[in-house]
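Survey of secondary and tertiary structure
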Amino acid sequence: MNAAAFPARTAAIVPAAGRGERLGPGAPKALRSIGEIPILVHAVRSLTGCGRVGLVVVAAPPDGVEGVAALLAPFGTKVHVVAGGETRQQSVSRALDAIPEDVDIVLVHDAARALTPPGLVAAVADAVAAGHDAVIPVLPVADTIKSVDADDTVTATVDRSTLRAVQTPQGFRRSLLVKAHTAAGAPTNESAAATDDAGLVEQLGAPVRVIAGHPEAFKVTTPFDLILAEAVWARRQGTGGPQNGGIEAPRGRGTTDD
């Protein structure tokens, strides 16, 4: 589906109010840089550059709304900044409240997945427009996974053939996402909050469709991730853009050579 034929009005939410403590001391994670460009700017570029998203609502730290708005001012009216909440779930809810009623599709995207190719954003939006009310991009799990008990003893080797690593953006029919957040309420700490919006939709019993993710949509969480992101960005500068080729649907067993 090309942008000209895309029928639905689509907005995206970027929860960016977290501190990102695992990345080390310094500025909030979304304001760290990859190639001298803030992570948040990279993420918003991916969304606005996909040909599907007409509005991006960013949930910023409550004490940093003005600074984030100034940072994103070059995007003009395509980006709106609101104060985020104490949890990611609260931040998404607040951003959702700021989206105009005539928006049909809402994407929720982690700012930390800064280098997500615009083609993946478009694929998620297209899948929702095609009739799937909840869509998430995933990758097969490559590592062997073990479950352990409280004494750090292995209890089982988990069958990874049915496991998938979930990425963002996650796409939803707006009415379903609103219903999911309303039903979930507003937990005041991260341990009680959902780690993604698809989890809230699952709690309603609604089906969630998966599509193929992309290796470059990884999350920048640790200092090592930042090194990897710098390398990916440097390669893009040499090749003229993200490597969108080779995206395949997750295979049934998700196997890998160990």
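What follows concerns the overall build of the protein chain. For the protein chain, the helix and strand inventory stands at seven helices and twelve strands. Counting every position in the protein chain, which comprises 258 residues, the buried fraction comes to 48%. Taking the intrachain contacts of the protein chain between residues at least 6 apart in sequence as the baseline, contacts between residues at least 24 apart amount to 73%. Summing over all exposed atoms, the protein chain offers an accessible surface of approximately 12,300 Å²; the carbon and sulfur share of this is 53%.

A word on the pattern of salt bridges. Across all of its chains, the model carries nine salt bridges by this definition. Residues Glu-216 and Arg-235 are paired through a salt bridge, measuring 2.0 Å at the closest nitrogen-oxygen approach. With Glu-216 in the loop between strand E12 (209-212) and helix H7 (223-239) and Arg-235 in helix H7, this residue pair connects regions lying 19 residues apart in the sequence. We classify Glu-216 as buried; its relative accessible area is 7%.

With that settled, consider the nonpolar core. Ile-34, Leu-40, Val-56, Val-58 and Leu-72 are the most contacted members of the largest nonpolar core, which has 40 residues in total. Mapped by element, the contributors of at least two residues to this core are strand E1 (10-15), helix H1 (39-48), strand E4 (53-60), strand E5 (79-83), strand E6 (105-108), helix H4 (118-129) and H7. Among the elements that line this core, the one with the most residues is H4, at six residues. Apart from the residues lying within four places of it in its own chain, the contact partners of Val-58 are Val-14, Ala-16, Leu-40, Val-44, Val-68, Leu-72, Val-79, His-80, Val-81 and Val-82. Residues Val-57, Val-82, Val-108 and Ala-134 belong to the second largest nonpolar core, which totals 25 residues.

Here we come to unusual backbone geometry. Note the cis peptide between Thr-168 and Pro-169, where omega equals 10 degrees. Structurally, Pro-169 can be placed in the loop between strand E10 (164-166) and strand E11 (170-173). With phi around 65 degrees, Glu-36 is a residue other than glycine that occupies positive phi space. On the secondary structure map, Glu-36 appears in the loop between strand E2 (33-34) and strand E3 (37-38). The backbone phi angle of Asp-152 is positive, close to 60 degrees, even though this residue is not glycine. Within the fold, Asp-152 resides in the loop between strand E8 (145-148) and strand E9 (154-158). The exposure class of Asp-152 is exposed, given its relative accessible area of 69%.

Right, let's get into the side chain of His-214. You can see His-214 is positioned in the loop between E12 and H7. Given the relative accessible area of 3%, His-214 is considered buried. Engagement of the side chain of His-214 in a polar contact is seen with the backbone nitrogen of Glu-216, the distance being 3.0 Å.

Here H4 spans 17 Å end to end across twelve residues, near enough to the 16 Å set by a 1.5 Å rise per residue. Taken as a whole, H4 has its buried residues at Leu-120, Val-121, Ala-122, Val-124, Ala-125, Asp-126, Ala-127 and Val-128. Residues of H4 that are buried sit in contact with H1, E4, E6, strand E7 (134-140), E11 and E12. Remark: Gly-131 follows H4 within two positions and exhibits a positive phi of approximately 125 degrees.

Of all ten residues in H1, nine are buried; the element is thus mostly enclosed. Turning to H1, its buried residues are Ile-39, Leu-40, Val-41, His-42, Ala-43, Val-44, Ser-46, Leu-47 and Thr-48.

Below, the discussion takes up the environment of His-109. Here His-109 lies in the loop between E6 and H4. Taking the C-alpha atoms as reference, His-109 lies 9.8 Å from Asp-196; in sequence the two are 87 residues apart. In contact with His-109, other than residues within four places in its own chain, are Ile-13, Val-14, Pro-15, Ala-43, Leu-47, Thr-116, Thr-168 and Pro-169. Among the polar contacts listed, one links the side chain of His-109 to the side chain of Thr-168, at a separation of 2.8 Å.

About the cut-offs
Residues numbered from 1 in each chain as written. Predicted model: local features only at pLDDT ≥ 70, side-chain atom pairs only at ≥ 80, totals over all residues. Heavy atoms only, no water. Helix = DSSP H or I, 4+ residues; strand = E, 2+ residues; numbered from the N terminus. Buried < 20%, exposed > 50% of the residue type's maximum accessible area, 1.4 Å probe, protein only. Contact = heavy atoms within 4.5 Å. Areas by Shrake-Rupley, 256 points an atom, 1.4 Å probe, with all protein chains shown as cover. Salt bridge = Lys/Arg side-chain N within 4 Å of Asp/Glu carboxyl O. Core = buried A, V, L, I, M, F, W, Y, C linked by side-chain atoms within 4.5 Å. Polar contact = N/O pair within 3.5 Å; in protein donor to acceptor, adjacent residues only side chain to side chain. Expected span 1.5 Å × (residues − 1).

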